[in-house]
Amino acid sequence: MGPQFEIPSTSTTKFNLGVQTDFLRSQVKNLSFSYNPKEKIILKNVSLPIFDKKVTALIGPSGCGKTTLLRCFNRMHDLYNEVSYDGEILLYPESKNILSRDVDPMEVRMRIGMVFQKPNPFPKTIYENVAYGLRVRGIKKKSYMDEKIEVSLQQAGLWTEVKDRLNAQATSLSGGQQQRLCIARALVTDPEILLLDEPTSALDPISTSHIEELIVELKKDVTILIVTHNLHQAARCSDYTAFMYLGDLIEYGPSNLIFTNPSDKRTENYITGRFG
Amino acid sequence: MFQAQASRLTKESMGEVDIARNLKWRRMKNFMFSVVGLLTLLFAICTLLALFIDLALTGVPRISAEFFTSFPSRFPEKAGILSAWVGSLAVMVVTAFVAIPIGVAAGIYLEEYAPKNFFTKIIELNIINLAGVPSITFGLMALGLFVYKLKFGQSILTAGMTLGLLVLPIVIVTTREAIRTIPNSIREASYGLGASHWQTIQHHVLPYSSGGILTGVIISLSRAIGETAPLITIGALTFIAFLPTAPVSEVFPYVSFQWLSDAFTVMPIQMFNWVSRPQKEFHVNAAATGTVLLIMTLLMNGVAIFIRYRFRRRMKW
């Protein structure tokens, strides 16, 4: 387990936490980020705790940097530019800064799984999709893989629907099923944190509620960080919520406090629908 | 806000414009363009069709089993294209072995690994230019490099390598296009699971783009099979009454690469040879060879289209 959380002293962030008994899984410390030194800064000195086996939601209007922050967690930005991160994201228990140049992005991605906005299954069979994370790690033992794939499909609430057609093409599934398949694919390697980037924005209401139930179920086993545009979703399934605006982290706290008694005017305006 | 209210489009405000005439004229122009377009298309297709029908009418009666199993001969009715089609096949095998690995690897490198800078821009531009270089230039290069410098002789190896280099740009360009059709979301999914760059290429990029790559390879081979000029330049013989050494034999070591250094002829050269003879009968032979060559090219292109169609249907993102 990580250390107990201490409130960082940043001027822009006010915390209203009450009694603290949760343990840290990860912690963002003074993170500033821009894609290009010449371009505008996307994240400004963001600090944020991520508690173990809790759901932390990132909310805010479009372009506020919440997806950018999420993608920092598994170094997705490294794929496209020579980016430089200013600040730290510490991963506990060993307090490793995953943004450090010495840390291989592949290692980070093996510990932190991600589910994307649009379901993106590989054009392979259902079995092969879930198996891929294991194959990447060089695991070949069939019995172990079968067992692991069944468990993660069950965790993702998809097992009963696909157990008879594991060799069917993954693209033949419906959108909601595909997204749950992507969750199973990310879960199969026991990630320490699961990143969800607006996982329901491309889905119909029924599939959405399916995934929301799943998130509540999953937090027993895994720490979840979710970006969402749907405030009801954030209120329903998250334990902590962070509100971001124009690259700043405006407010962070337990979700029930943020949604009922926000301390910042901008947060209040956003969650009451006055802008965003 | 607005100082001046624009007047509505009424008969008075529009003045001279006659709506009915304007509409009629625009409709007319639209119709005229579709007619002109159809005519140019028909012209192109009819020319090609006339050429093919003329060739086939002369050639088809001459095509028989013996035509494929006989060597060329002084007597036109006995002559066949055995050495020519075997030569074409052997040269194509070498061409494929040269063009596919180099072309696909270069395409992958340029698309996946090459940094986007001035130097790679120059390389990309040159590859496109290389595709437009006259084929006889490749023949001259091959004569100097493969025949004289490397002493490969006027052999199947030289011919295959020459044609391989000739079609290399096509393979590179189609490989890159095929790779580019793979959406970024698939790559991100792979990286997100901890895959390395090479694992992503090996498990996703290559398998999903293999249909497009294969299409490009077949099209490039169908271009190579009809090439004549570079092979004449390196000195392909026009009269060959023997086959290259068999690649497999019954005695140890069972496999032989002697055929690579054998002399050869190919179908277009055989055809060229027969056309340049004065006797009418040889012209019939040439037409028959041309028909065979054309049908082979059409078949190869057909297979390429079929593969592309199958893959497009299978690959849903």
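What counts, and at which threshold
Residues numbered from 1 in each chain as written. Chains lettered and ligands numbered in written order. Predicted model: local features only at pLDDT ≥ 70, side-chain atom pairs only at ≥ 80, totals over all residues. Heavy atoms only, no water. Contact = heavy atoms within 4.5 Å. Buried area = accessible area lost by both parts, 1.4 Å probe. Salt bridge = Lys/Arg side-chain N within 4 Å of Asp/Glu carboxyl O. Nonpolar A, V, L, I, M, F, W, Y, C, P; charged D, E, K, R; others polar. Buried < 20%, exposed > 50% of the residue type's maximum accessible area, 1.4 Å probe, protein only. Helix = DSSP H or I, 4+ residues; strand = E, 2+ residues; numbered from the N terminus. pLDDT = per-residue confidence, 0-100. Domains from an automatic or database assignment. Polar contact = N/O pair within 3.5 Å; in protein donor to acceptor, adjacent residues only side chain to side chain.

Description of the interface of chain B and chain A
In this complex, chain B contributes 20 residues to the contact, which on the side of chain A involves 22 residues. Across the chain B/chain A interface, buried area totals approximately 1,900 Å², and carbon plus sulfur atoms make up 61% of it. Summed over the three residues of chain B that lose the most area to chain A, namely Glu188, Tyr191 and Leu193 of chain B, the buried surface amounts to 33% of that side. Applying the counting rule to chain B against chain A returns one salt bridge. The partner of Arg71 of chain A in a salt bridge is Glu188 of chain B, with the nearest N and O atoms 2.8 Å apart. Among the residues making up the side of chain B that touches chain A, the classes are represented as eight nonpolar, 10 polar and two charged.

What to know about the pattern of salt bridges
Residues and elements named next belong to chain A. Applying the stated criterion across every chain yields a total of 20 salt bridges over all chains. Arg75 is the partner of Asp78 in a salt bridge, and the nearest nitrogen-oxygen pair spans 3.0 Å. A relative accessible area of 26% places Asp78 in the partly exposed class. Since its relative accessible area comes to 5%, Arg75 is described here as buried. In this structure, the salt-bridge partner of Arg236 is Glu212, at a minimum N-O distance of 2.7 Å. You can see Arg236 sitting in helix 8 (residues 231–237) and its partner Glu212 sitting in helix 7 (residues 205–218), a full 24 residues away along the chain. Overall, Arg236 belongs to the exposed group, its relative accessible area being 52%. A cluster of three or more residues bridged by salt bridges with shared partners is formed by Arg25, Asp52, Glu94, Arg111 and Glu192.

Topic: the confidence of the model for chain A
Across chain A, pLDDT averages 86, with 92% of residues at or above 70. Contacts of residues 7–19 of chain A to residues separated by more than four positions or lying in other chains number 24 contacts, the stretch itself having pLDDT below 50.

With respect to the domain arrangement of chain B
Residue and element names in this part refer to chain B. In terms of domain boundaries, chain B breaks down into domain 1 (18–59) and domain 2 (66–314). The C-alpha-based centres of domain 1 and domain 2 are spaced at 35 Å. Facing five residues of domain 1, the contacting portion of domain 2 comprises six residues. Roughly 520 Å² is buried in total at the junction of domain 1 and domain 2, and carbon and sulfur atoms are behind 85% of that figure. At the junction of domain 1 with domain 2, the criterion picks out zero salt bridges. Along the contact surface separating domain 1 from domain 2 lie zero residue pairs in polar contact (both at pLDDT 80 or more). Residues of the side of domain 1 that touches domain 2, tallied by class, amount to three nonpolar, two polar and no charged.

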